[in-house]
Amino acid sequence: MTDNSREFRNALGCFATGVTVVTTRRPDGAPVGITANSFSSVSLDPPLVLWCIDKSSDCFDDFQAADRFAINVLAADDMNVSNDMARTGRDGVGDHGFSDGPVLGLPVLERALAHFECEVEHRHAGGDHVILVGRVKGMHSRQYGDPLLYFRGKYAAITG
């Protein structure tokens, strides 16, 4: 394939995804997080999920050093959380209602549609990203609320 990175991004944007915030703790215990839409389930037995982080992300080293992470699945009314956690140069997790998860003590967003506390099972090279596979050690979900979606470079909603 020739260098058609814009065309490739546009084609990928045709796949609607959910929006998550992935969190961990630095070695000093400080919380850190990043917006990601590269979340996917991998396996039910054992319970595995994955997400991908860009090697150029300003919190890449934090996630490379961590042996745990939490995936927080955002609701439609959490666009502000997504935008804030996507900002380059931001530090910590802000004042968005994160608390310590009950299983691994990772920052979880209490109002998220779901959150998964994970231990890193594998790391795989993936071009300009690293793929982190996590074994789910704890989770919580709520049965109401619409998801925050991303489609063709902007937020989208479920209609119908």
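Just above sits the structure.
Presented here is an overview of the structure given in this document. (Residues numbered from 1 in each chain as written. Predicted model: local features only at pLDDT ≥ 70, side-chain atom pairs only at ≥ 80, totals over all residues. Heavy atoms only, no water.)

## Here's the deal with the sheet that holds strand β1 (residues 17-18)
- Sheet architecture is open: three strands sit in the order β1-β11-β12, paired in antiparallel fashion. What marks the edges here is a single partner per strand, and that holds for β1 and β12 (154-156).
- Of the pairings in the sheet, the one linking β1 to strand β11 (residues 149-151) comprises two bridges and is antiparallel in character. In the sheet register, Gly18 faces β11, and the bridge partner there is Leu149. (Pairing = 2+ DSSP bridges. Helix = DSSP H or I, 4+ residues; strand = E, 2+ residues; numbered from the N terminus.)

## Observations concerning the nonpolar core
- Membership of the largest hydrophobic core comes to 21 residues, with the highest contact counts inside it found for Val22, Trp51, Ile53, Phe63, Phe69, Ile71 and Phe116.
- Elements with a minimum of two residues in this core: β3 (31-36), β5 (48-54), α2 (60-65), β6 (68-73), β9 (114-126) and β10 (129-141). (Core = buried A, V, L, I, M, F, W, Y, C linked by side-chain atoms within 4.5 Å. Buried < 20%, exposed > 50% of the residue type's maximum accessible area, 1.4 Å probe, protein only.)

## Examining the pairing of strand β2 (residues 20-25)
- The element β2 is largely enclosed, with a buried count of five among its six residues.
- The turn joining β2 and β3, which pair antiparallel and follow one another in sequence, is formed by five residues; a positive phi near 90° is taken by Gly29.
- Sheet topology places β2 next to β6; four bridges connect them, and they run antiparallel. By the bridge assignment, Val22 is partnered in β6 with Ile71.

## Section: the layout of surface pockets
- Put simply, the largest pocket is a space of about 1,300 Å³.
- Lining the largest pocket are 37 residues, with Arg9, Asn37, Ser38, His129 and Tyr150 sitting closest to its centre.
- Of all the secondary-structure elements, those providing two or more residues to the lining of the largest pocket are α1 (5-12), β1, β3, β5, α3 (79-86) and β11.
- Sort the elements by how many residues they give to the lining of the largest pocket and α1 lands first, with five residues.
- Of the residues in the lining of the largest pocket, the class split is 16 nonpolar, 13 polar and eight charged. (1 Å grid on protein atoms, 1.4 Å probe; cavity = no way out; pocket = protein on both sides within 12 Å on 5 of 7 lines; lining within 4 Å. Points joined across faces, edges and corners; volume = space filled by probe spheres on them. Nonpolar A, V, L, I, M, F, W, Y, C, P; charged D, E, K, R; others polar.)

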